Number of protein chains: 2
Amino acid sequence: MMQPRVGDPVAAVPTPALVIDLDAMERNLARMAAFAREHRLKLRPHAKMHKSARIAALQVAAGAVGVCVQKLSEAEALAAGGVADIYISNEIVDAAKLARVAALAGRIRLAIAVDSSLGIDRLALALKAAGTSLDVFVEIDVGQGRCGVAPTAAGALAHQVVSHGLRFAGLQAYHGKAQHLRSADERAAAIRHAVALVRAAQASITGAGIACPLVTGAGSGSFAFEAASGVYGELQAGSYLFMDRDYADNQPAPGAPVFEHALFVKSQVVSRGASHAVVDAGHKSHAIDSGLPRTWQRDLVFANGGDEHGILHPGRDALPELGDTVWLVPGHCDPTVNLHDRYVAVRGGLAGGVVEGVWPVDARGCLV
Amino acid sequence: MMQPRVGDPVAAVPTPALVIDLDAMERNLARMAAFAREHRLKLRPHAKMHKSARIAALQVAAGAVGVCVQKLSEAEALAAGGVADIYISNEIVDAAKLARVAALAGRIRLAIAVDSSLGIDRLALALKAAGTSLDVFVEIDVGQGRCGVAPTAAGALAHQVVSHGLRFAGLQAYHGKAQHLRSADERAAAIRHAVALVRAAQASITGAGIACPLVTGAGSGSFAFEAASGVYGELQAGSYLFMDRDYADNQPAPGAPVFEHALFVKSQVVSRGASHAVVDAGHKSHAIDSGLPRTWQRDLVFANGGDEHGILHPGRDALPELGDTVWLVPGHCDPTVNLHDRYVAVRGGLAGGVVEGVWPVDARGCLV
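Residues numbered from 1 in each chain as written. Chains lettered and ligands numbered in written order. Predicted model: local features only at pLDDT ≥ 70, side-chain atom pairs only at ≥ 80, totals over all residues.

Aligned on chain B, chain A shows an RMSD of 0.0 Å; the corresponding rotation is 180° and the shift along the axis is 0.0 Å. The superposition of one copy onto the other is thereby described by a two-fold rotation axis. Judged by C-alpha distance, Leu339 of chain A is the residue of chain A that lies nearest the rotation axis, at 3.3 Å. When you check the interface residues of chain A against chain B, 100% turn up at the interface there too, and the contact is symmetric in its surfaces. (Least-squares fit on C-alpha atoms with pLDDT ≥ 70 in both. Contact = placed C-beta atoms within 7 Å.)

What follows is the structure in structure tokens.
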């Protein structure tokens, strides 16, 4: 199959393609690194978003302490690509998977989240069998309503962790539901609530006679509030690097850097009716869990055309013609990236730029 | 990374995994093949759904004339896997891609859809340069509102096709919007309308002095109506093989065979609260464009938990426990398959079965 090559003009990249505007991405990278530095916080970007060892290396070079992932196989893929410090910010309870976790802990600096007694017992057993160690974070539910225990239960789990001789590293306290509350005030209120729960969990842990070294969490919609809280020591934001349509629809938080769209799907008009145009990018090219993509630099109305098509109606701009390129800003970058095998990294802008790199999405499809 | 192996019990397959119940799939395969045979219709299942050369071969062995795809790179991937007769039921207007189409036409029996004068000119140029030939279908819009020309414009395009010395093969007339109208009566009415438009297009073509050899179209929701129409000669249904939740929610059409769920996502409970359980399968494991998955053999309420999680609330059945397996029936099989690198093909049922094969999703991510 014909792939884009380094040095090709953007115009020659076959559609649909997942394109990074490198200039915009590097500005986003630097802005978040500066923010974390200024606030004396660790930055551990979520690599579930980009799934790329190369991009993780860029983040670490800019000051990140490492990356987060959600899945064991993501950690394995990124470790194989040279990432040396990974936190699986999610629960694993399967014994066979935990044996792989323990094996990986022998190769890189690794951390994992737990939220159950069974999970801790099995993790301890796997680590003992492998003779390896890792950092263990206890996850508390700070408003997401998904994984994590109640703050008052954190002390008992931390106690169980240290009883097994494992390293208790602190609290996992991510509030996913706060990220896309549109007004900055709503997000501030949600994180105030999360911070109160973190403090309760810290009290539960110190009450059990255990120190709580670190609280980790925060996303691209809320990190300015966690940063200002005084309790969070590490930020896990990931999407800031690419900035999808859904995050851009948020009212910016006061004091937070502004990020630019850096990830696009290049599409082409393959059919043109009198009142609509059809591009060759559907929801096999861009995820629609957080809504449809937005057209970029053309004001058009994008309608879902199914797996392989997008349907465009006129906005303030007129419809494009047959064969025209249409750039899309995905609604949600994480699952969009996961649809593609490679990034086409472009230098010099989308209009007249040149392909500087073709980068594999190393952990694409790493579900286990 | 540890992969499932042939001979493993289902219980040992790491989650999340895309699992085929082979017994159910084979019954579905035989039922549709018998239906097409009894109605003396060609069956050309849509391989955009399964993206597997191996499954395409099973369909051809059961009587299919070949398969459809939507994308050039899907055709290339399946041809590389030995599929010898492929119809790209979609428009391509990019000259570089059409050169690849023309090259592929030299290796397998190939067909393509057109709906524009520009597209036909460029296709003819590419075929001339390569010295190859293929079948050309003119697409008409029969109610989908996406690609395809008005029926009255079909004659002029067919004329242009034959003027270039290309083989005009007939009409592409697929009504996507009809497929999930819930009542059989609504779907019957939609296809009656499509059939009227097909007849108008046929009149336009014969009026231009050209024979219309074949009308191809139909999906898993409507094929019984196209089959009964007397104008359609070929059925393109694809999802019948796996039968997703969205198709199962349709009222069955009179006279249509009944298909069983044959595709599942195996998931595991990784976190358990007092009132909910969390499985390790989110919308990176199953597409949600057509709604959420349904739990299988357990009556539970599935809520979206984001990219990597599903949240279960009690239904008529009680919540599963930490570590339990939960089987999910995807809302939409096509984009779900496209999220996975491989099928785990199981013989003997989901409960006590054994892995009979691990099959690559050959055309996964083939977007171009």
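It is worth spelling out the environment of Gly233 of chain A at this point. All names here are of chain A. With respect to the helices, strands and loops of the structure, Gly233 is situated in the loop between α8 (223-229) and β9 (234-235). Residue classification places Gly233 among the partly exposed positions, given that 17 C-beta atoms sit within 10 Å. The spacing of Gly233 and Arg40 is 193 residues in sequence and 8.3 Å in space, taken between C-alpha atoms. With residues near it in sequence (within four places) discarded, Gly233 still touches Leu41, Lys42, Leu214, Val215 and Thr216. (Helix = DSSP H or I, 4+ residues; strand = E, 2+ residues; numbered from the N terminus. Buried ≥ 20, exposed ≤ 12 C-beta atoms within 10 Å, placed from the backbone.)

On to the pairing of strand β14 (residues 310-314) of chain B. Along any regular strand, the residues point their side chains to alternate faces of the sheet. Residue and element names in this part refer to chain B. As defined by bridge partners, strand β11 (residues 277-279) adjoins β14 across three bridges and the pair is classed as antiparallel. Each residue of the ladder has a partner; that of Ala277, found in β14, is Leu312. The hairpin turn running from strand β13 (residues 300-304) into β14, its antiparallel successor, is five residues long, and Gly306 in that turn takes a positive phi close to 95°. (Pairing = 2+ DSSP bridges.)

Let us look at the sheet that holds strand β2 (residues 42-43) of chain A. Residues and elements named next belong to chain A. The parallel open sheet is built from eight strands, whose spatial order is β2-β9-β8-β7-β6-β5-β4-β3. Looking at strand neighbours, the two that pair on one side only are β2 and β3 (67-69), the edges of this open sheet. Relative to strand β8 (residues 214-217), strand β7 (residues 167-172) runs parallel, the two being bridged by three bridges. Residue pairing for β8: Gly170 is matched across the bridge by Leu214.

Turning our eyes to something else, we now look at the nonpolar core. Within the largest apolar cluster, 244 residues are counted, with the highest numbers of intra-cluster contacts made by Leu78 and Ile112 of chain A together with Leu78 and Ile112 of chain B. Those residues in contact with Ile112 of chain B, other than ones at most four positions away along the chain, are Ile88, Ile92, Val101, Leu123, Leu134 and Val136 of chain B. (Core = buried A, V, L, I, M, F, W, Y, C linked by C-beta atoms within 7 Å.)

What follows deals with the sheet that holds strand β8 (residues 214-217) of chain B. All names here are of chain B. Ordered by their spatial adjacency, eight strands build an open sheet running β2-β9-β8-β7-β6-β5-β4-β3, and the pairing between neighbours is parallel. One side of each edge strand has no neighbouring strand; the edge strands of this open sheet are β2 (42-43) and β3 (67-69). Along the sheet face, helix α3 (residues 72-80) touches β3 and β4 (85-88) and points at about 170° away from the line of β4. (Axes fitted to C-alpha atoms, helices over the stretch in contact; angles between N-to-C directions.)

Residues and elements named next belong to chain A. Over its 24 residues, helix α7 (residues 184-207) extends 34 Å from the first C-alpha to the last, a length consistent with the 34 Å expected when each residue adds 1.5 Å. Here α7 has its buried residues at Arg187, Ala190, Ile191, Ala194, Val195, Leu197, Val198, Ala201, Gln202, Ser204 and Ile205. Buried-residue contacts for α7 involve α6 (154-163), β7, β8 and α8. Count one or two residues on from α7 and you reach Gly209, which has phi positive near 80°. (Expected span 1.5 Å × (residues − 1).)

In this section: the domain arrangement of chain A. Residues and elements named next belong to chain A. The domain architecture assigned to chain A consists of domain 1 (10-18 + 259-360) and domain 2 (22-242). Centre-to-centre, using C-alpha coordinates, domain 1 lies 32 Å away from domain 2. Listed per partner, the contact involves 15 residues of domain 1 and 17 residues of domain 2. For the side of domain 1 that touches domain 2, the elements supplying multiple residues, two or more each, are α10 (333-337), β16 (342-347) and β17 (354-360). (Domains from an automatic or database assignment.)

A few words on the interface of chain A and chain B. At the interface, 51 residues of chain A touch 51 residues of chain B. The set of elements that each furnish at least two residues to the side of chain A that touches chain B consists of α3 (72-80), α4 (95-105), β10 (263-272) and α10 of chain A. Ranked by the residues each element gives to the side of chain A that touches chain B, the list is headed by β10 of chain A, at four residues. Taken together, the residues of the side of chain A that touches chain B sort by class into 18 nonpolar, 17 polar and 16 charged. (Nonpolar A, V, L, I, M, F, W, Y, C, P; charged D, E, K, R; others polar.)

We now examine the packing of α4 of chain A against helix α5 (residues 117-130) of chain A. Residue and element names in this part refer to chain A. One can describe the packing of α4 onto α5 by two numbers: an axis separation of 8 Å at closest approach and a directional angle of 50°. Between α4 and α5, the angle is such that the two are oblique. Read as a crossing pair, α4 and α5 show a hand that is right-handed. Contacts between α4 and α5 involve Ala95, Leu98, Ala99, Val101, Ala102, Ala103 and Ala105 from the first element and Arg122, Leu123, Ala126, Leu127, Ala129 and Ala130 from the second. Taken together, the residues of the contact of α4 with α5 sort by class into twelve nonpolar, no polar and one charged. (Parallel < 35°, antiparallel > 145°, perpendicular 65-115°, else oblique. Left-handed = near helix turned anticlockwise from the far one by under 90°.)

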